[in-house]
Amino acid sequence: TFCFIPNLKHLDLCDNNITSTGITAVATNMSYLPQLEWLDVSCNDFGDDAARAMDEKLLCLEQLRYLKISTNSLSYHNKKLLLFTLSNMQHLSQVRISTKLYVPYINEHCLSVYDDKGHTLTIRTDDTDIVSVLNQLFPHYTVQF
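Residues numbered from 1 in each chain as written. Predicted model: local features only at pLDDT ≥ 70, side-chain atom pairs only at ≥ 80, totals over all residues. Heavy atoms only, no water.

Peer 1: Outline the overall build of the chain, listing residues and values.
Peer 2: Assigned secondary structure in the chain consists of four helices and seven strands. Overall, the chain shows an N-to-C arrangement of helices and strands of β-α-β-α-β-α-β-β-β-α-β. In the chain, buried positions account for 49% of the 145 residues. Long-range pairs, those at least 24 residues apart, make up 76% of the contacts in the chain with a sequence separation of at least 6. (Helix = DSSP H or I, 4+ residues; strand = E, 2+ residues; numbered from the N terminus. Buried < 20%, exposed > 50% of the residue type's maximum accessible area, 1.4 Å probe, protein only. Contact = heavy atoms within 4.5 Å.)

Peer 1: Can you break down the packing of helix H1 (residues 20-28) against helix H2 (residues 48-57) residue by residue, with the values?
Peer 2: At a minimum axis separation of 8 Å, H1 and H2 run at an interaxial angle of 5°. Taken as axis vectors, H1 and H2 run roughly parallel relative to one another. Residues Ser 20, Ile 23, Thr 24 and Ala 27 of H1 form the contact with H2, whose own contacting residues are Asp 49, Ala 50, Ala 53, Met 54 and Lys 57. Split into classes, the residues belonging to the contact of H1 with H2 amount to five nonpolar, two polar and two charged. (Axes fitted to C-alpha atoms, helices over the stretch in contact; angles between N-to-C directions. Parallel < 35°, antiparallel > 145°, perpendicular 65-115°, else oblique. Nonpolar A, V, L, I, M, F, W, Y, C, P; charged D, E, K, R; others polar.)

Peer 1: Which residues make up the pattern of salt bridges, and what are the values?
Peer 2: Oppositely charged side chains can form a pair if their charged atoms are brought close together. Applying the stated criterion to the full structure yields two salt bridges. Among the ionic pairs, Glu 37 bridges to Lys 9, the shortest N-O distance being 3.6 Å. Placement of Glu 37 in the loop between H1 and strand S2 (38-40) and of Lys 9 in the segment before strand S1 (10-12) is noted, with a sequence separation of 28 residues between them. Arg 52 is the salt-bridge partner of Asp 49, the closest N and O atoms lying 2.4 Å from each other. Taken as a pair, Asp 49 and Arg 52 lie in helix H2 at a separation of three residues, close to a single helical turn. For Arg 52, a relative accessible area of 35% translates into the label partly exposed. (Salt bridge = Lys/Arg side-chain N within 4 Å of Asp/Glu carboxyl O.)

Peer 1: Go over the packing of aromatic side chains, please, and point to the residues and values.
Peer 2: In the structure shown here, the tally under the stated rule is one aromatic pair. Measuring from centroid to centroid gives 5.1 Å for Trp 38 and Tyr 66, while their planes differ by 15°, and the two rings are stacked. Taken as a pair, Trp 38 in strand S2 and Tyr 66 in strand S3 (residues 66-68) lie far apart in primary sequence, 28 residues in all. (Phe/Tyr/Trp six-rings, centres within 6.5 Å; stacked < 30°, edge-to-face > 60°.)

Peer 1: Pulling in residues and values, what's your account of helix H3 (residues 76-86)?
Peer 2: Within H3, the full set of buried residues consists of Asn 78, Lys 79, Leu 82, Leu 83, Thr 85 and Leu 86. Along H3, the residues classed as buried sweep out an arc of 160° about the axis, all on the same side. (Arc of directions from axis to C-beta.)

Peer 1: Just give me the short version of H1, but keep the residues and values in it.
Peer 2: Residue pairs three or four apart in sequence face the same way in an α-helix, which turns once every 3.6 residues. For H1, every residue scored as buried is listed here: Ile 23, Val 26 and Ala 27. The arc that holds the buried residues of H1, viewed along the axis, is 100°, so those residues lie on one side.

Peer 1: Just give me the short version of the environment of Glu 37, but keep the residues and values in it.
Peer 2: By relative accessible area, which is 26% here, Glu 37 ends up partly exposed. Taking C-alpha positions, Glu 37 is 3.9 Å from Leu 64, a pair spaced 27 residues apart along the chain. Not counting the four nearest positions on each side in its chain, Glu 37 is found in contact with Lys 9, Gln 63, Leu 64, Arg 65 and Tyr 66.

Structure, rendered in structure tokens:
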């Protein structure tokens, strides 16, 4: 029912046992949330099918600044796919895509990705595979570790 609140800016669906079917439904309705700035879908129970559905719809969230998608069952390939899509979102400033719910900052990589227009995207992750491919994912950005 949140899709009927077009001025919604903050949507926290963290830790609600949402399955792939539920996240796919959320993704389907993202176009009805043009003002959404903050989305947290971490700690749910969805996998690659839902990640692909989200990937197809994320670009319609033109005001999104923060996305948290940690501790879901996403494959390495779909994490890369999501990050590639996110690299094209000009308002996005922070993404958290860790494998564990509570990652001490000392065990988490904080990566700043800059483009030539001054846009900065901060990516927080404990996934070393993601860290290793950031230069490939963001060829038009400068990655700073």
